[in-house]
Amino acid sequence: MVWKPLCNGCHGNSKDSPNCFCGLIPTANGVRKTGLWQKTQEIVRGLGPNPSMDLRDSTETPAGLTNLGATCYANSILQCLYMNTAFRSGIFSLEPDVLKKHPVLDQLARLFAQLHSSKMAFIDSAPFIKALELDNGVQQDSHEFLTLFLSLLEQSLSHSKVLGARTIVQHLFRGGVSHVTRCSSCGKDSGASSKMEDFYELELNIKGLNNLEESLNDYFSEEALDGENQYFCESCQKRVDASRCIKLRSLPSVVNFQLKRYVFLPKTTTKKKISSTFSFPGQLDLGKRLSSPSPGYTYDLAAILIHKGTAANSGHYVAHIKDESNGQWWEFDDETVSKLGLHPFGEKPAKSSNKDDQKSQGIPTAGSVTNSNKNGHQEAASSCNAEQMFSSTDAYMLMYKCTSKDGNATENNKIMEINNDSLPHHFLDEINELNASYVKSCEEYQSKKDSCLAHITERRQEVKSLLMEAPANPEDCSYFWISTEWLRQWADNITPPSSIDNVSIQCEHGKVPASKVTSMKRLSAVAWEKLFSKYGGGPTLNSDYFCIECLKDRAKNAVSADVYRDRKASLKKSCRSSACW
């Protein structure tokens, strides 16, 4: 076998030729599933997740929040609160000693601080969820969460001595209504009609209604009390016909409209989602809705909470929120934050067209043209003014923020605005430490990746170079034997064996038996010297290490086998002869 010619281009490595080095590495541009010759991206993936992939573009780009299982409802509400600069400033102005006494406030402030200045693209919400003692595996209603959370915040913030922070919830979100009952006979209101009740959101019916205007008309509409439902009038001292309605007494800076998308089904005792299209304006005049109408209460659409899915107790919440500083809309989907542009659903409003064309195409002609998109949302542009209309089948809560006619904050907002929206001093060190730790982990990963790729490149080049010099010419008398198995591991592993191991191809006499020729390769002197000088080990088995003793033993065994066959044939012949007698 030593005299077999050198081969080139075999499909695999031939055991029958000690001069065949084919198949030890893949062909050009070839790859393997594991080891040194697998795809580079697979090798990089083996290093673990790249922390740089979670790097925030800049603090101008909002950060997301981790979903701990079923906490999307909380994440959406938290982002709506954080993106309200007045509320955020109020939380940042809280005294450190107040934060220490109220764990929920403390974790909220820390969460806001990280959303504000962290270098990471998304923030771990686990500490905050733990402080609230929420079950992160149970989906909750975002509206109920907001109501309970604002109530908790109102109680906790009352301990602050900072005026802007202590009453931030009331000033931003609390309005007033009264339930007025009026006698149809004497025209007098009931005694309870003058009592004003606080509200933090208005719950609006949408079943059978097309838009926000119709829902507000329904909310403030009069209810007739007659027949069996007659009202007992204290002035008339008898049961009389009357009317009942809700009167809007005062408006907060931020009005939350809760759209009642779920209806209770008595037969199944379950809730069903109303998925009809509902329209709402980009700008809303609520001054005309006050019991004493007043100008200057113009509200701009600030956020849309969206519920995706058909079931009431499952699905997924995302929030579309407008950045107050530049009018840019963002979609907050847990860890992922996407830029939508200057429109809440990422589309420009459609251009108005001729009303006659609209009629012929079955398009509504109430001053608007609508365009549907794949997310079940629509946009509409008024054909008679600049007001924009938007529609959605999944909008669950609408947030409107009050602005004056020139777009500046109202006086109520000015009271709450805290000039400095920068990070509080008591959080600076903590955030800087977190950022430094994150940057360090990014640098360490990059260094590990660069080192790994450099090692891979160096190893591949080493293997290719040595295998090109490995074959020894058949007529060359100066060569060395090396274990095929060791050579295969050396050529295929990212981390090569520490030293050459030729023990497996040695015989008991310490030399190379002819029987092992299928398990070893003839290596040129140049290639052996390179391997041996770098890896050491051995033993060194050169061309003079043929084992004559093993060859003699093999010859004796062959002769013994021939003698045995001859004697066996002779004995068989003798037995047959004996049987004949």
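Structure: above.
Each chain carries its own residue numbering, running from 1 in the direction its sequence is written. Only residues with pLDDT of at least 70 get local features here, since the model is predicted, and only at 80 or more are side-chain atom pairs given and counted; chain-wide, interface and lining totals rely on the full set of residues. The side-chain values count all of the structure's non-hydrogen atoms but skip hydrogen atoms and water molecules.

## Digging into the packing of aromatic side chains
- Centre distance within 6.5 Å is the pairing criterion for rings of Phe, Tyr and Trp, where only the six-membered ring of Trp is used; planes under 30 degrees apart are then read as stacked, over 60 as edge-to-face, and the remainder as tilted. Applying the stated criterion to the full structure yields 18 aromatic pairs.
- Each ring, one from Phe480 and one from Trp528, has its centre 5.4 Å from the other, and the planes form 5°; the classification is stacked. One end of the pair, Phe480, is in strand E23 (residues 479-483); the other, Trp528, is in helix H15 (residues 525-535), with 48 residues separating them in the sequence.
- Burial classification: accessible surface area is computed with a 1.4 Å probe over protein chains only, and a residue below 20% of its type maximum counts as buried, one above 50% as exposed, and the rest as partly exposed. The exposure class assigned to Phe480 is buried, which follows from its relative accessible area of 13%.
- Taking relative accessible area as the criterion, Trp528 reaches 1% and is therefore assigned buried.
- With a centroid separation of 5.6 Å and an interplanar angle of 20°, the aromatic rings of Trp528 and Phe532 are classed as stacked. In this pair, Trp528 and Phe532 both sit in helix H15, four residues apart, roughly one turn of the helix.
- Take Phe532: its relative accessible area is 31%, and that puts it in the partly exposed class. Helix numbering and strand numbering both begin at the N terminus, where a helix is a DSSP run of H or I of at least 4 residues and a strand a DSSP run of E of at least 2.

## Observations regarding the environment of Val98
- Its location among the elements puts Val98 in helix H4 (residues 96-101).
- Overall, Val98 belongs to the buried group, its relative accessible area being 5%.
- With residues near it in sequence (within four places) discarded, Val98 still touches Leu105, His159 and Ser160. When checking whether two residues touch, look at their non-hydrogen atoms; a contact exists if any pair is within 4.5 Å.

## So, the side chain of His102
- As for its position among the elements, His102 is in the loop between H4 and helix H5 (103-117).
- Look at His102 and you get buried, because its relative accessible area is 15%.
- Here the side chain of His102 touches Val98 through a polar contact of 3.1 Å, landing on its backbone oxygen.
- In this structure, His102 is in contact with Ser156 and His159, ignoring residues within four places of it in sequence. Within 3.5 Å is the distance limit for a polar contact, defined as a pair of N or O atoms, with the added protein rule that one can donate a hydrogen and the other accept it, and that residues adjacent in sequence qualify only through two side-chain atoms.

## Let's talk about unusual backbone geometry
- Across the junction of Gly538 and Pro539, the peptide omega takes the value 0°, indicating a cis bond.
- One non-glycine residue, Glu133, lies in positive phi territory at about 60°.
- Summarising the element assignment, Glu133 is placed in the loop between helix H6 (126-131) and helix H7 (142-157).
- Even without a glycine there, the phi angle at Asp334 is positive, about 55°.
- As for its position among the elements, Asp334 is in the loop between strand E17 (329-333) and strand E18 (336-341).

## Concerning the sheet that holds strand E3 (residues 175-183)
- Judged by pairing direction, the sheet is antiparallel, and its four strands sit side by side in the order E4-E3-E9-E6 without closing on themselves. In this open sheet, the two edge strands, each paired with only one partner strand, are strand E4 (197-199) and strand E6 (223-225). Taken over all neighbouring pairs, the strand axes of this sheet differ in orientation by 35° on average, direction set aside. At least two bridges found by DSSP between two strands are what make those strands a pair. All axes are obtained by fitting lines to C-alpha atoms, using only the stretch in contact for helices, and the reported angles, taken between N-to-C directions, cover 0 to 180 degrees.

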